[in-house]
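# Structural overview
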Amino acid sequence: MGAPLTLFVDSLFLSPYAMSAYVALTEKQLPFEVRPIDLEAGEQRMQPYQSRALTSRVPALTHADFSLTESSAIAEYLEDAFPAPAHAALYPRDLRQRARARQVQAWLRSDLGALRQERPTETVFYGATGLPLSDAAHAAAAKLIHVAGTLVGADRTSLFDDWCLADTDLAVMLKRLFQDDLPDALRAYADAQWQRPSVQKWLEHNAAARN
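Residues numbered from 1 in each chain as written. Predicted model: local features only at pLDDT ≥ 70, side-chain atom pairs only at ≥ 80, totals over all residues. Heavy atoms only, no water.

The protein is annotated in an unreviewed UniProt entry as Glutathione transferase from Achromobacter pestifer.

Next comes the structure, spelled out in structure tokens:
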């Protein structure tokens, strides 16, 4: 057995970035321990967490004596440390498709701020109803629908021929719009991603955290 892996996540299992790292580890079929961090209590700024999480955020991954934060960095580390074919691939083998998947992930993490604010992850995981979108959030939603509609063809359940981690990240963002106007093809795509076993395992943690 290799060095132990521990994933630190928010105690409510609401962070889409923690979810992304969790799905990555689960898809790789790697044994790992999940440790919740109470963000409301500020545990991310306390010791010992701060000493192992350089940016004092979740998720954080520890692998033996190595610690890493930021979900995209964690995914790329796992892909390099546990490569295919011994472990499932998180990204396409094709160079350009892999670059496109990482582009989608980087964009989802850096843009669409108004949509993330007005349709927070409580919308995704709890079905919470938000107020009508502001002009800024409408513009962000339109941009999301345009990009996703361009990348996700009709009747497709993944961005490429095979699943990749960017599919999970994109599905989370699209789920923010399920109470709003979302094209049926994108709604079906996000629903298909939601049924993936690795995502279902995260949802079980989320449901348990509410009870």
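Picking up where we left off.
The positions UniProt marks with the feature "domain: GST N-terminal" (unreviewed entry) are residues 5-86. Between the first and last C-alpha atoms of residues 5-86 the distance is 17 Å; the span itself is 33% helix and 23% strand. (UniProt positions renumbered as here; feature names shortened; annotations may be inferred. Helix = DSSP H or I, 4+ residues; strand = E, 2+ residues; numbered from the N terminus.)

Moving on: helix H8 (residues 165-175). Note on helix geometry: an α-helix contains 3.6 residues per turn, so any two residues three or four positions apart are oriented the same way. Across the 11 residues of H8, 11 count as buried, placing the element largely inside the fold. Among the residues making up H8, those that are buried are Leu165, Ala166, Asp167, Thr168, Asp169, Leu170, Ala171, Val172, Met173, Leu174 and Lys175. (Buried < 20%, exposed > 50% of the residue type's maximum accessible area, 1.4 Å probe, protein only.)

Summarising the element assignment, Asp180 is placed in the loop between H8 and helix H9 (184-194). Using a relative accessible area of 19% as the deciding quantity, one classes Asp180 as buried. As for Asp180 and Gln105, which are separated by 75 residues in sequence, their C-alpha atoms are 23 Å apart. Leave out the neighbours within four places in its chain, and Asp180 touches Arg119, Leu133 and Arg187. (Contact = heavy atoms within 4.5 Å.)

For the structure shown, the criterion picks out 1 cavity of 30 Å³ or more. Lining the largest cavity are Pro16, Tyr17, Ser20, Leu108, Arg109, Asp169, Val172, Met173 and Arg176. Put simply, the parts of the chain that give the lining of the largest cavity at least two residues each are helix H1 (16-27), helix H4 (95-110) and H8. Residues that form the lining of the largest cavity fall into these classes: 5 nonpolar, 1 polar and 3 charged. (1 Å grid on protein atoms, 1.4 Å probe; cavity = no way out; pocket = protein on both sides within 12 Å on 5 of 7 lines; lining within 4 Å. Points joined across faces, edges and corners; volume = space filled by probe spheres on them. Nonpolar A, V, L, I, M, F, W, Y, C, P; charged D, E, K, R; others polar.)

This part takes up unusual backbone geometry. For residues other than glycine, phi is negative in most cases, and the peptide bonds are mostly trans. A cis amide bond, omega 10 degrees, links Gln47 with the succeeding residue Pro48. The residue Pro48 is located in the loop between strand S2 (33-37) and helix H2 (49-52) in this model. At the junction of Ala84 and Pro85, the peptide bond is cis and its omega measures out at 5 degrees in the coordinates. Mapped onto the elements of the fold, Pro85 is located in the loop between helix H3 (71-81) and H4. Even without a glycine there, the phi angle at Ser56 is positive, about 55 degrees.

Turning our eyes to something else, we now look at the pattern of salt bridges. Under the counting rule described, the total for this entry stands at 9 salt bridges. Here Glu70 makes a salt bridge to Arg57, at a shortest N to O gap of 2.6 Å. Within this pair, whereas Glu70 is found in the loop between strand S4 (66-69) and H3, its partner Arg57 is found in the loop between H2 and strand S3 (60-63), the two being separated by 13 residues in sequence. For Glu70, a relative accessible area of 28% translates into the label partly exposed. By relative accessible area, which is 45% here, Arg57 ends up partly exposed. The residue Lys175 makes a salt bridge to Asp191 at a minimum N-O spacing of 2.9 Å. Of the two residues, Lys175 is situated in helix H8 and Asp191 in helix H9; the sequence distance between them amounts to 16 residues. (Salt bridge = Lys/Arg side-chain N within 4 Å of Asp/Glu carboxyl O.)

Counting 56 residues, the largest nonpolar core has Leu78, Leu144, Leu170, Leu174, Trp194 and Trp202 as its most contacted members. Leave out the neighbours within four places in its chain, and Trp202 touches Val9, Asp10, Phe13, Leu14, Ser15, Ala18, Met19, Tyr22 and Phe125. With 6 residues, the next largest nonpolar core counts Ile37, Ala53, Val58 and Ala60 among its residues. (Core = buried A, V, L, I, M, F, W, Y, C linked by side-chain atoms within 4.5 Å.)

This paragraph deals with the domain arrangement of the protein. Considered domain by domain, the protein is made up of domain 1 (5-89) and domain 2 (95-197). Each of domain 1 and domain 2 has a C-alpha centre, and these two points are 22 Å apart. Taken together, the two surfaces of domain 1 and domain 2 that pack against each other cover about 1300 Å², and 62% of this comes from carbon and sulfur. Looking only at domain 1, the three residues that lose the most surface to domain 2 are Leu14, Met19 and Glu27, adding up to 39% of its buried area. Joining domain 1 to domain 2, the criterion identifies 2 salt bridges. Among the ionic pairs, Arg102 bridges to Glu76, the shortest N-O distance being 3.7 Å. (Domains from an automatic or database assignment. Buried area = accessible area lost by both parts, 1.4 Å probe.)

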